[in-house]
Amino acid sequence: MATAILELEISKLPPEITVEERYSKALVLIRLHGKPIGQALLSLVGGRADGSQLRETLMNAAGDNLWKNWLYDTLAWDERGPVQAMPLATVAVCTRDRPEDLRRCLDALMQIPDEGQEYLVIDNCPSTDATKELIKNYPQVRYVREDVPGSSAARNRALREAKHEFVAFTDDDAAPDPNWLRSLLWNFSDPRVMCVTGLVMPLELETEAQEWFEWYSPHGRGFERRVFDGAQCNPLIVHLVGVSASMALRKSSIDYIGLFDEALGAGTPTVGGEDCELFARILRAGYCIVYEPRALSWHRHRRTWEELQKTLRGYGIGVYAFWTRMFVINREFSVPLLAWGWLRYKQIPELIASLRKQPDAVPRDLLWAQFRGCISGPMAYFASRKLLQKIKGSNE
């Protein structure tokens, strides 16, 4: 059965919750005075849960984070530093042929308080005019077409087109919270912070594929704010940093870090890896990345099993393409050890658990799809570089 998605304020819980009877459980985002502090999986009977069960489950799930945030609020203390005037920002959505997803994303963005931000939609190699026609319904949004394929090329175009120093990126299949942009920007008071990422929660869990995606490969990175300092951490281990579906960059970082590698990302043979590669370069240069759970966005996971298999295969390709780039171009010779560690401590144990049909083991076809992607990743990177050179050569 499907899982309902709920948001509840823990300081004023309802006497009971009621959803459609088809839901046997609910994934609850727990807020304290509006701030996301945790999540809980709640069992439902006939689509209902009473208040006593609800309070106990949510308080146990939030744990120490509840009391820490309650204390911060009581003392009026903010770990991000004193309140400052919000800088102007550009919000960029990179898209390709998904007008329905894009409509939901733009509707969500229009709920963000107007603090002078501009909105860009980068239409990457569209096959129709559907996106361009959709944008006419949003006079606040500027339409830009980018004909070099790939999400990296689209993001680089957004960085070049942006009028403001801070550029916040969201994907077309995401729906940012009204406080998303402000929460990202608040973390740039430290000049060493080049990038801020945010919390990503599932928009819906209506199918088995969406359930498995959220269990096995969630976009969320927890409810604790974290600072990743390039002077103190391994720049190649970036899976905890966040995802590009909720991310803000300094435009001036181009001068220090460079643009996205256009051989990486969706729409290229590598399928992904562009955000990991940029995160790694930021950390290698000694700068910082902040993960900010208050910057909340909701992501629509792929609904069918075939789409899930394709997604996990793409993740495998993207990670190994990113590592190939770091090994060949950046001379990071520890990459083979990372690949071996992932195989030994994650992929092999997961495969053994699946073959033994242990409880909650990941289905073999998903593991196999990801593994095939990993094997394909290195050659995909070289093929993508060659294709990119051909495309850019023909455009000159």
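The notes below deal with the structure included here. (Residues numbered from 1 in each chain as written. Predicted model: local features only at pLDDT ≥ 70, side-chain atom pairs only at ≥ 80, totals over all residues. Heavy atoms only, no water.)

All right, on to the overall build of the protein chain then. Summing up its helical and strand segments, the protein chain has 12 helices and 14 strands in all. For 396 residues, the compact-globule formula gives about 21 Å, and the C-alpha radius of gyration of the protein chain, at 21 Å, lands near that figure. Projected onto its principal axes, the C-alpha coordinates of the protein chain cover approximately 65 × 55 × 45 Å. Going through the 396 residues of the protein chain one by one, you find that 54% of them count as buried. Partitioning the intrachain contacts of the protein chain with sequence separation of at least 6 by distance along the chain shows that 72% fall at a separation of at least 24. (Helix = DSSP H or I, 4+ residues; strand = E, 2+ residues; numbered from the N terminus. Rg over C-alpha atoms; globule rule 2.2 N^0.38 Å. Buried < 20%, exposed > 50% of the residue type's maximum accessible area, 1.4 Å probe, protein only. Contact = heavy atoms within 4.5 Å.)

This next bit is on the pairing of strand β13 (residues 246–250). With respect to burial, β13 is a largely interior element, five of its five residues being buried. Burial along β13 is two-sided: the residues S246, A248 and R250 and M247 and L249 are all buried. For strand β9 (residues 166–171) and β13, the ladder comprises five bridges, and the chain directions are antiparallel. Bridging across to β13, A168 finds its partner in A248. Looking at chain direction, strand β11 (residues 193–202) and β13 are connected through three bridges and run antiparallel. In the strand pairing of β13, V196 is matched with A248. (Pairing = 2+ DSSP bridges.)

Now for the side chain of E274. If you trace the backbone, E274 turns up in helix α9 (residues 274–284). Judged by relative accessible area, which is 6%, E274 ranks as buried. At a separation of 3.1 Å, a polar atom in the side chain of E274 contacts the side chain of S151. Ignoring anything within four residues of it in the chain, the contact list for E274 reads S151, S152, R155, S244, F260, L264, G265 and A266. (Polar contact = N/O pair within 3.5 Å; in protein donor to acceptor, adjacent residues only side chain to side chain.)

Helix α5 (residues 151–161) sits mainly inside the fold: eight of its 11 residues count as buried. Listed in full, the buried residues belonging to α5 are S151, S152, A153, A154, R155, N156, A158 and L159.

So, about a nonpolar patch on the surface. Nonpolar side chains collect at one region of the surface, where F327, V328, I329, F333, M379 and F382 lie side by side and expose about 560 Å² of accessible area between them. Along the chain, the position of M379 falls in helix α12 (residues 364–395). (Patch = residues over 30% accessible without salt bridge, like charges linked within 9 Å, V, L, I, M, F, W, Y side chains within 5 Å. Areas by Shrake-Rupley, 256 points an atom, 1.4 Å probe, with all protein chains shown as cover. Salt bridge = Lys/Arg side-chain N within 4 Å of Asp/Glu carboxyl O.)

Our next topic: the environment of Y143. Relative to the helices and strands, Y143 is located in strand β8 (residues 141–146). Taking the C-alpha atoms as reference, Y143 lies 16 Å from A168; in sequence the two are 25 residues apart. Not counting the four nearest positions on each side in its chain, Y143 is found in contact with V121, D123, P126, T131, K132 and I135. In terms of polar contacts, Y143 uses its side chain to reach the side chain of D123, at 2.6 Å.

In the structure shown here, the tally under the stated rule is zero disulfides. Of all cysteine sulfurs, the one in C94 lies closest to C105, which takes part in no disulfide; the gap is 10 Å. Judged by relative accessible area, C105 falls into the buried class, the value being 0%. Residue C233 stays outside any disulfide, its sulfur separated by 8.3 Å from that of C288, the closest cysteine. (Disulfide = S-S within 2.5 Å.)

A few words now on the packing of aromatic side chains. Remark: the centre distance and the inter-plane angle together describe each pair of aromatic rings, the angle taken between the planes. Counted under the stated rule, the structure contains 12 aromatic pairs. Note on Y320 and W342: the rings are 5.8 Å apart at their centroids and 25° apart in plane angle, and the pair reads as stacked. Here the residue Y320 occupies a position in helix α10 (residues 305–328), and W342 occupies one in helix α11 (residues 335–355), the gap between them amounting to 22 residues. Ring geometry for F327 against F333: centres 5.6 Å apart, planes inclined by 85°, an arrangement best described as edge-to-face. Overall, the relative accessible area of 34% leaves F327 in the partly exposed class. The exposed category is assigned to F333, whose relative accessible area is 57%. Among the aromatic residues, those joined into a ring-pair cluster are Y320, W323 and W342. Above the ring of F260, the side-chain terminus of R155 is found at 5.7 Å from the ring centroid. (Phe/Tyr/Trp six-rings, centres within 6.5 Å; stacked < 30°, edge-to-face > 60°. Lys NZ or Arg CZ within 6 Å of the ring centre and 35° of its normal.)

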